[in-house]
Protein chains: 2
Amino acid sequence: MTERTLITHIKTYLTLSEEELSEIVLFFDCQSYNKKETLLLAEKRCDKLFFVIKGCLHLYFIDCLGNQKTTQFAIENWWLTDFLAFQNQKQSNFYIEAVEKSKVLSISFSKYQELLDKFPKMEKYFRTIYERAYGAALVRLKYINSLSKEEIFFRFRDDFPEFVQRVPQYLLASFLGLTPEYLSEIKRK
Amino acid sequence: MTERTLITHIKTYLTLSEEELSEIVLFFDCQSYNKKETLLLAEKRCDKLFFVIKGCLHLYFIDCLGNQKTTQFAIENWWLTDFLAFQNQKQSNFYIEAVEKSKVLSISFSKYQELLDKFPKMEKYFRTIYERAYGAALVRLKYINSLSKEEIFFRFRDDFPEFVQRVPQYLLASFLGLTPEYLSEIKRK
DNA sequence: AGCAAAAATTAAGCTGGTTTAAGAAAGTTA
DNA sequence: TAACTTTCTTAAACCAGCTTAATTTTTGCT
């Protein structure tokens, strides 16, 4: 069962019975996506929260020149959506697309509410996830505001070597906030 | 009572009895800080989560050239700490200082755990706060990666005009990721 | 009010990183 | 294995934003 991935993840944060856990996963839909397939469209109401079982997604937007810019990746055990738009049930500022063939759980906003109402312990689970994600975003902002683009790349490669291998360079460049050309030049050294 | 500020804020997210609310605020200490007074030191274990009753705090670090760089502000009704260090009870990557004379509630990590255990509804409160904060951080990363420094400033001034008046320009410049000199040049136009 | 310190402005010179454009390599499809 | 498409590389010209440094304005203190 592929849903074991989520159950295992929840169990690292909470103590829940097997019955509860198997009830919980019923709130989710499981779907597979091919490389470059779209999961969420900007301008549409953001009604889905995603959990990656296998594969890799990215959250991106299109800048004023028509370039795709990646703001966040999500690999196995990561949650992803436009959280602000999801919480307010507004239209999304971002697109979500599969970077590679992926297996993904999703939950609608109303099911998410139901899940949290029925299993209040899940509030703790998500509180912990978001507390950490927000903290990590602040540290990321710190790096952006203190390191040169070259240092940002080397730091990221040291911290996540396997990830640098995994995603195409032009997506990595966009995530790190530099041009593919400059990233290529940095790597040459 | 100054604690009403927190109570009022919690009530916008949860339904709780007055008895519960007044028990909750007992978990917090209230303290006043003068302008430039330090609340949290980098390199020290991060054992406090802060809530601003009145005034303004900022989360900053010192870059390799010895410059103070602001990553986040917190005004009335905002929570602030180095969330990653707080959750893991590690030493902080950041300093926290009062930007102006401020009145602040604080809670230690162990009291925070106790509070969440005793009042599980508070999990929902913090889940919501962090979900929003993380979403906002992603949108902020989007702006950083798509707008010129000039556009970043004008956008921020349009969105938060009163805030631009409130904090010193050199802190605002640092928060927006540009030099005070360049910000000054932009404003001249 | 008067002094000292902190913050903001101005301007010139400089550089890290972008833009543009073209070619090479790697992946995909039939 | 050939043709097409996507991704990566290279190099030169360019510029947004930084650095430096000197001056002015504002703030805080007694």
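Scroll up to find the structure this text is about.
To keep things clear, this report deals only with the structure shown in the data block. (Residues numbered from 1 in each chain as written. Chains lettered and ligands numbered in written order. Predicted model: local features only at pLDDT ≥ 70, side-chain atom pairs only at ≥ 80, totals over all residues. Heavy atoms only, no water.)

Details of the sheet that holds strand β4 (residues 57-62) of chain A
Residue and element names in this part refer to chain A.
Okay, step 1: Here we have four strands laid out as an open sheet, ordered β2-β7-β4-β5, and antiparallel in their pairing. Where the open sheet ends on each side, the last strands, each with one partner, are β2 (38-40) and β5 (68-74). On average, each strand axis in the sheet is inclined to that of its neighbour by 35 degrees, with strand direction left out of account.
Okay, step 2: By the bridge criterion, four bridges tie β4 to strand β7 (residues 95-98) in an arrangement that is antiparallel. Paired with Leu57 across the strands is Ala98, a residue of β7.
Okay, step 3: Here helix α8 (residues 169-176) sits on the sheet and contacts β4 and β5; the angle it forms with β5, its principal contact strand, is near 90 degrees. (Pairing = 2+ DSSP bridges. Helix = DSSP H or I, 4+ residues; strand = E, 2+ residues; numbered from the N terminus. Axes fitted to C-alpha atoms, helices over the stretch in contact; angles between N-to-C directions. Contact = heavy atoms within 4.5 Å.)

Description of the pattern of salt bridges
Okay, step 1: Tallied over the entire structure, the rule returns 24 salt bridges over all chains.
Okay, step 2: Between Lys124 of chain A and Glu123 of chain B there is a salt bridge, with its nearest N and O atoms 2.7 Å apart. With one member in each of two chains, Lys124 of chain A in helix α5 (residues 121-144) and Glu123 of chain B in helix α5 (residues 121-144) form a pair that bridges those chains.
Okay, step 3: Note on Glu123 of chain B: relative accessible area 3%, which makes it buried.
Okay, step 4: As a salt-bridge pair, Glu123 of chain B and Arg127 of chain A come within 2.7 Å of each other at their nearest N and O atoms. Pair noted here: Glu123 of chain B is in helix α5 and Arg127 of chain A is in helix α5, and the two residues belong to different chains. Both residues of the pair, Glu123 of chain B and Arg127 of chain A, belong to the buried class. (Salt bridge = Lys/Arg side-chain N within 4 Å of Asp/Glu carboxyl O. Buried < 20%, exposed > 50% of the residue type's maximum accessible area, 1.4 Å probe, protein only.)

Side note on the protein's contact with DNA strand C
Okay, step 1: In the vicinity of DNA strand C lie 15 residues, with Lys149 and Tyr182 of chain A together with Gln169, Tyr170 and Ser184 of chain B positioned nearest.
Okay, step 2: Within the side chain of Thr179 of chain A, an N or O atom sits 3.2 Å from a phosphate oxygen of DNA strand C.
Okay, step 3: Ser184 of chain B places a polar side-chain atom, nitrogen or oxygen, 3.1 Å from a phosphate oxygen of DNA strand C.
Okay, step 4: The dominant element in the surface near DNA strand C, judged by the number of residues it contributes, is helix α9 (residues 180-188) of chain B, at three residues. (Near = heavy atom within 4 Å. Polar contact = N/O pair within 3.5 Å; in protein donor to acceptor, adjacent residues only side chain to side chain.)

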